[in-house]
Amino acid sequence: MKEIRNFSIVAHIDHGKTTLSDRILEDTGAVPKRKMQAQLLDGMDLERERGITIKAKAVRLHYKDYILNLIDTPGHVDFSYEVARSLRACEGVLLLVDASQGVEAQTVAHAHLAQSLGLEIIPVMNKVDLSQADADMSEEQIWEILKEPLGAERVSAKTGMGIDKLLERIITDIPAPSGSPEGKTRALIFDSFYDAFRGVIIYVRVVDGKLKAGQMLRLMGADFSSKIEEVGFMTPKMEKSISLQSGEVGYVIAGIKDIRQVRVGDTVTLADNPAETPLAGYEEIKPVVFASIFPVESTDYPLLRAALEKLNLSDSSFSYQSETSKALGFGFRLGFMGLLHIEIVKERLEREFNLSLIATSPNVIYQVKFHSRKSHPQELSALADAGDGYKWIDNPANFPPYGDIIDIKEPTIKIKIVTPIIYMDAIMTLLKDKRGVYISLEHLSSRRIMINYYMPMAEMVIDFYNKLKSVSKGYASFDYEIDEYRSADAVLMEILIHGTPVDALSVITHKDKAVSRGRLLCEKLKELIGRQQFEVAVQARMNGKIIARETIPAFRKDVIAKCYGGDITRKRKLLEKQKEGKKRMKSIGSVDIPQEAFVAMLKIEE
């Protein structure tokens with residue numbers, strides 16, 4: 001165990017984390033230069049194109065007489081649960097900062113997380129070869145965050161400069177793993193993926209004892225047992241081994257076919273000699289943002305079901321259940337970890353399974369207390385219980401009638417924004433518009449500041465990120481963590497077309513913003529739906545009252561064109577006859593809403 005070093009690389013998105021892992025792989029000889037390629041650990045096409053890491057990766061390296069276990073983590077805030085689990089498998093972290101940009105919001109969040117777990121932190125200034133780099137200032141900002149002056153390594157992950165010194169620092173500064181090789185077996189699951197031939201492949205960090213083929217493992221959180229078929233290491237390809245000892249990081253194959261039984265953060269022990277207590281830090285992954293996905297062609301519904309089942313095998317962090325919409329037909333209600341997660345899942349479904357999909361506007365999960373009545377539909381009584389008489393509601397279509405609602409609670413988030421001081425006023429005005437509550441301001445340097453606020457999560461999913469980038473000219477970065485549920489004056493706003501509510505266009509919004517948002521939606525829908533053979537009313541309704549209305553005029557044929565003389569009564573008779581026809585058509589007519597309307601509704605800015 002003395003020769004083992006387990007470490008992770010954490011950084012803000014786009015600070016060169018994956019490039020640094022490429023250089024470390026190259027310098028330690030884990031991958032021959034002829035086989036080397038950029039973003040080696042990012043296996044997905046989507047990861048390469050967007051330049052982001054979506055799934056955590058682990059690789060075993062040999063350097064001098066030491067074994068280095070590198071765990072590459074995602075940088076985006078939506079995947080912070082994976083980062084937290086990965087850090088629990090390590091003794092130290094490389095806190096990577098882009099020397100040309102300085103400390104960003106997620107750098108701060110990752111640094112505080114590493115400190116709270118008691119990990120050894122090595123600050124690393126990347127991109128020092130760039131002309132605009134200011135490594136000294138970035139290092140001072142790190143000292144401000146960590147509250148201690150730690151010497152930073154200066155590297156260029158692109159050119160390989162300073163990597164040798166960094167490897168030496170990893171060996172000297174990061175402690176060897178602690179644990180009991182003779183104790184009862186406990187191993188932390190920090191990731192898993194599904195292989196079509198071998199089932200679920202589990203990535204583990206062994207803390208106590210050892211794991212070897214032939215033993216019966218037990219997952220303590222899932223309370224599930226299975227026989228181990230194979231154990232080994234990632235180098236980065238899978239390499240079979242006799243056993244995984246205390247302190248080592250590797251993979252376990254146990255013939256498990258359902259990836260939902262393997263939960264990230266769970267503890268692996270042995271069925272015949274189990275440990276008494278699991279490892280700390282296990283949490284159920286709870287989706288925080290919800291959206292519905294429907295196929296453009298209703299006949300593609302079985303294909304969408306099959307695609308979701310297959311995708312869920314490789315990404316178990318989203319949940320799904322079937323749903324029916326009067327407007328869009330059959331589809332699925334999905335729960336996600338954040339807005340980027342929605343985008344990634346939708347894009348993967350369309351690319352990998354060749355589907356055309358419509359996603360409804362994302363919304364968060366609410367806690368609602370209401371009077372239960374026999375007249376309520378079955379869906380309301382079947383809602384999950386949230387405690388204290390509240391029910392979980394993740395779909396506007398399941399909202400109870402407004403007269404029965406006692407209280408509504410919405411989720412809030414704690415938000416950190418790092419920005420140059422010149423954009424502070426504009427950002428604080430934006431946060432005020434988004435119902436933000438001030439916590440504190442912290443100066444990171446003479447030119448940069450960190451703004452801390454509470455904000456309703458529902459406000460973040462409505463175009464917050466784009467507006468933040470706009471008011472800060474792209475210089476602000478933000479990170480958030482889920483806080484508590486608080487009572488809010490939220491209402492259900494329904495959109496009625498020709499007097500009929502369209503469930504897929506309904507939204508839950510704050511009462512103060514309902515009128516302005518309703519007007520905007522009605523105006524946009526008037527453009528998108530276009531004229532029909534009869535007059536159509538587009539209305540927004542809140543608490544039983546119409547708060548906005550637009551009228552789409554009917555097509556009208558010029559019926560009096562043939563009248564070139566004679567009495568006015570002839571023209572009046574023709575116009576009255578046309579009016580009667582339009583009235584009859586209006587009473588029996590139905591409006592076809594084009595698919596573009598649903599797509600465009602998602603792009604409406606407040």
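Note that the structure is a prediction, hence the values are computed from the model and not measured.

As for a positive patch on the surface
Here is step 1: A surface patch of positive charge is lined by Lys557, Lys562, Arg570, Lys573 and Lys577.
Here is step 2: Along the chain, Lys573 falls in helix 14 (residues 568–588).
Here is step 3: We classify Lys573 as exposed; its relative accessible area is 65%.

Description of the pattern of salt bridges
Here is step 1: Overall, the coordinates contain 26 salt bridges when judged by the stated rule.
Here is step 2: Where Arg169 meets Glu153, a salt bridge forms, and the shortest distance between an N and an O atom there is 3.0 Å. Taken together, the residues Arg169 in helix 6 (residues 163–173) and Glu153 in strand 6 (residues 153–154) connect sequence positions 16 residues apart. By the burial criterion, Arg169 is buried, and Glu153 matches it.
Here is step 3: The partner of Lys513 in a salt bridge is Glu459, with the nearest N and O atoms 3.1 Å apart. Separated by 54 residues along the polypeptide, Lys513 in helix 13 (residues 511–529) and Glu459 in helix 11 (residues 457–461) bring together distant segments of the chain. Grouping residues by exposure puts Lys513 and Glu459 together as buried.
Here is step 4: Salt bridges sharing partners connect three or more residues here, namely Glu410, Arg435, Glu459 and Lys513.

Observations regarding the sheet that holds strand 16 (residues 267–270)
Here is step 1: The strand order across the open sheet formed by eight strands is 11-10-16-7-8-15-12-13, and the pairing between neighbours is antiparallel. Of all strands in the sheet, those with a lone pairing partner are strand 11 (224–227) and strand 13 (238–241), marking the two edges. Here the average twist between neighbouring strands, direction ignored, is 40 degrees.
Here is step 2: Pairing of strand 10 (residues 216–219) with strand 16 involves three bridges; the strand directions are antiparallel. In the strand pairing of strand 16, Leu217 is matched with Leu270.

Looking at the packing of aromatic side chains
Here is step 1: Evaluation of the coordinates by the stated rule reveals eight aromatic pairs.
Here is step 2: Pairing Trp392 with Tyr485 gives two aromatic rings, centres 5.5 Å apart and planes at 70 degrees, and the pair type is edge-to-face. Of this pair, Trp392 sits in strand 24 (residues 390–393) while Tyr485 sits in strand 28 (residues 477–487), and the two are 93 residues apart along the sequence.
Here is step 3: Its relative accessible area of 28% is what places Trp392 among the partly exposed residues.
Here is step 4: Residue class for Tyr485 comes out partly exposed when judged on its relative accessible area of 22%.
Here is step 5: Stacked on the ring of Phe233, the Lys or Arg Arg60 has its end atom at 3.7 Å from the ring centre.

Quick look at unusual backbone geometry
Here is step 1: A positive phi is found at Lys64, a non-glycine position, where the angle reads about 55 degrees.
Here is step 2: Assignment of secondary structure puts Lys64 in the loop between strand 2 (57–63) and strand 3 (66–72).
Here is step 3: Although it is not a glycine, Arg435 adopts a positive phi angle of roughly 65 degrees.
Here is step 4: Secondary-structure assignment places Arg435 in the loop between helix 10 (424–433) and strand 26 (437–443).

Remarks on the environment of Ile546
Here is step 1: On the secondary structure map, Ile546 appears in strand 33 (residues 545–552).
Here is step 2: Through-space distance from the C-alpha of Ile546 to that of Ile495 is 9.6 Å; in sequence the pair is 51 residues apart.

Some remarks on helix 5 (residues 135–146)
Here is step 1: Compared with the 16 Å implied by 1.5 Å per residue over twelve residues, the 16 Å span of helix 5 between its first and last C-alpha is a close match.
Here is step 2: Among all positions of helix 5, only Ala135, Ser138, Glu139, Gln141, Ile142, Ile145 and Leu146 are buried. The buried residues of helix 5 occupy one face: seen down the axis, they fall within an arc of 160 degrees.
Here is step 3: Elements in contact with the buried residues of helix 5: strand 4 (92–98), helix 4 (105–116), strand 5 (120–126), strand 6 and strand 27 (448–456).
Here is step 4: At the C-terminal side of helix 5, Lys147 shows a positive phi close to 60 degrees.

Scoring rules and cut-offs
- Residue indices follow the written sequence of each chain, beginning from 1 at its first position.
- Two thresholds apply to this predicted model, a pLDDT of at least 70 for residue-level local features and 80 or more for giving and counting side-chain atom pairs, whereas whole-chain, interface and lining totals are computed over all residues.
- Heavy atoms from the whole structure form the basis of all side-chain values; hydrogens and water molecules are not counted.
- Only residues whose relative accessible area exceeds 30% and that form no salt bridge enter a patch; like-charged residues are grouped when within 9 Å of one another, and nonpolar side chains (Val, Leu, Ile, Met, Phe, Trp, Tyr) when within 5 Å.
- Only the protein chains shown count as cover for residues, with accessible areas throughout obtained via the Shrake-Rupley method and a probe of 1.4 Å.
- We define a salt bridge as a side-chain nitrogen of Lys or Arg found within 4 Å of a carboxyl oxygen belonging to Asp or Glu.
- In this tally, Lys and Arg are treated as positive and Asp and Glu as negative; His is ignored, and so are the chain termini.
- The atoms used to mark charge sites are NZ of Lys, CZ of Arg, CG of Asp and CD of Glu.
- The helix and strand labels rest on DSSP assignments: H or I over at least four residues marks a helix, E over at least two residues marks a strand, and numbering proceeds from the N terminus.
- Think of it in three bands: with a 1.4 Å probe and only protein chains considered, a residue is buried below 20% of the maximum accessible area for its type, exposed above 50%, and partly exposed in between.
- By this definition, two strands are paired if DSSP reports at least two bridges between them.
- Axis geometry follows a simple rule: fit a line to the C-alpha atoms, using only the stretch in contact for helices, then measure angles between N-to-C directions, giving values from 0 to 180 degrees.
- Pairing of aromatic rings covers Phe, Tyr and Trp, the last through its six-membered ring, and needs centres within 6.5 Å; plane angles under 30 degrees mean stacked, over 60 mean edge-to-face, and all others mean tilted.
- Placement of a charge over a ring requires the Lys NZ or Arg CZ to be within 6 Å of the ring centre, with the centre-to-atom vector within 35 degrees of the ring normal.
- In a helix, the anticipated span is given by 1.5 Å times the number of residues less one.
- Within this analysis, the arc is defined by the directions that extend from the helix axis to the C-beta atoms.
- The contact criterion used is simple: two residues touch if any of their non-hydrogen atoms lie within 4.5 Å.

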